[in-house]
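Architecture and fold: a report
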Amino acid sequence: MSDTAGWDELTRFEQRLLIKLFGGGTARKEDPAIVDELRSRGLIDENNELAMPGLLVLTMAMRRQQAEARARIGLAA
């Protein structure tokens, strides 16, 4: 499984929580089922903080989005 495929397999709520944690937010008031799912995938740790695999999935998705945006405006990578 590629890292971006991992991102595409997440629900919007799960993606939103990873972005929130990346920005310094917390999972305190999030749906426990979403937190548990991300924890079971190893994307967040036992302290509900972004784990390295979660960071990797998120940054690879961001890079893919940036590359797609550059391609749309005609810039080479």
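The structure reproduced in this document is the subject of the present report. Along each chain, the written sequence defines residue order, and numbers are assigned to residues from 1. Local features in this predicted model are restricted to residues whose pLDDT is 70 or higher, and side-chain atom pairs enter the listing and the counts only when it is 80 or higher, whereas totals over whole chains, interfaces and linings include all residues. Note that the side-chain values use all heavy atoms of the structure and ignore hydrogens as well as water.

**Brief notes about the overall build of the protein**
If you tally the helices and strands in the protein, you get 4 helices and 0 strands. Counting from the N terminus, the helices are DSSP H or I runs at least four residues long and the strands are E runs at least two residues long. The secondary structure elements of the protein, listed N-terminal to C-terminal, are α-α-α-α. Exposure categories follow from relative accessible area, calculated using a 1.4 Å probe and restricted to protein chains: below 20% of the type maximum is buried, above 50% is exposed, and the middle band is partly exposed. In the protein, which comprises 77 residues, the proportion classed as buried is 29%. Throughout, a contact is declared for two residues whenever any of their heavy atoms are within 4.5 Å. Taking the intrachain contacts of the protein between residues at least 6 apart in sequence as the baseline, contacts between residues at least 24 apart amount to 42%. Using a 1.4 Å probe, the Shrake-Rupley method yields the accessible areas, and only the shown protein chains count as cover for residues. Summed over its atoms, the accessible surface of the protein is roughly 5,300 Å², and 55% of this surface lies on carbon and sulfur atoms.

**Observations regarding unusual backbone geometry**
Of note in the backbone geometry, N48 takes a positive phi value of approximately 60 degrees without being a glycine. In this structure, N48 sits in the loop between α3 (32–40) and α4 (52–72).

**Some thoughts on the packing of helix α2 (residues 12–22) against α4**
For helices, the axis comes from a line fit to the C-alpha atoms of the stretch in contact; other axes are also lines fit to C-alpha atoms, and the angle between any two N-to-C directions lies between 0 and 180 degrees. Taken N-terminus to C-terminus, the directions of α2 and α4 make an angle of 100 degrees; their axes are 10 Å apart at the nearest point. Here α2 lies roughly perpendicular to α4, going by the angle between them. Every residue of α4 that contacts α2 at L18, I19 and F22 is listed here: L55, L58 and M62. Residue type decides the class: Asp, Glu, Lys and Arg count as charged, Ala, Val, Leu, Ile, Met, Phe, Trp, Tyr, Cys and Pro as nonpolar, and the leftover types, Gly among them, as polar. The residue makeup of the contact of α2 with α4, split by class, is 6 nonpolar, no polar and no charged. In this scheme, roughly parallel covers angles under 35 degrees and roughly antiparallel covers those over 145, while 65 to 115 is roughly perpendicular and the rest are oblique.

**Quick word on the pattern of salt bridges**
When the charged atoms of two side chains with opposite charge come close together, those side chains can pair. The working definition used for a salt bridge is a side-chain nitrogen of Lys or Arg within 4 Å of a carboxyl oxygen of Asp or Glu. For the coordinates displayed, the defined rule picks out 5 salt bridges. When the shortest N-O distance is used, the salt bridge between K20 and E30 registers 2.8 Å. Taken together, the positions of K20 in helix α2 and E30 in the loop between α2 and α3 put the pair 10 residues apart, joining distant regions of the chain. Since its relative accessible area comes to 31%, K20 is described here as partly exposed. The exposure class assigned to E30 is buried, which follows from its relative accessible area of 13%. We note a salt bridge from D36 to R39, for which the minimum N-O separation is 3.1 Å. Of this pair, D36 and R39 both sit in helix α3, separated by 3 residues, roughly a single helical turn. For D36, a relative accessible area of 44% puts it in the partly exposed group. Judged by its relative accessible area of 31%, R39 is partly exposed. Via salt bridges that share partners, R16, K20 and E30 belong to a single interconnected network.

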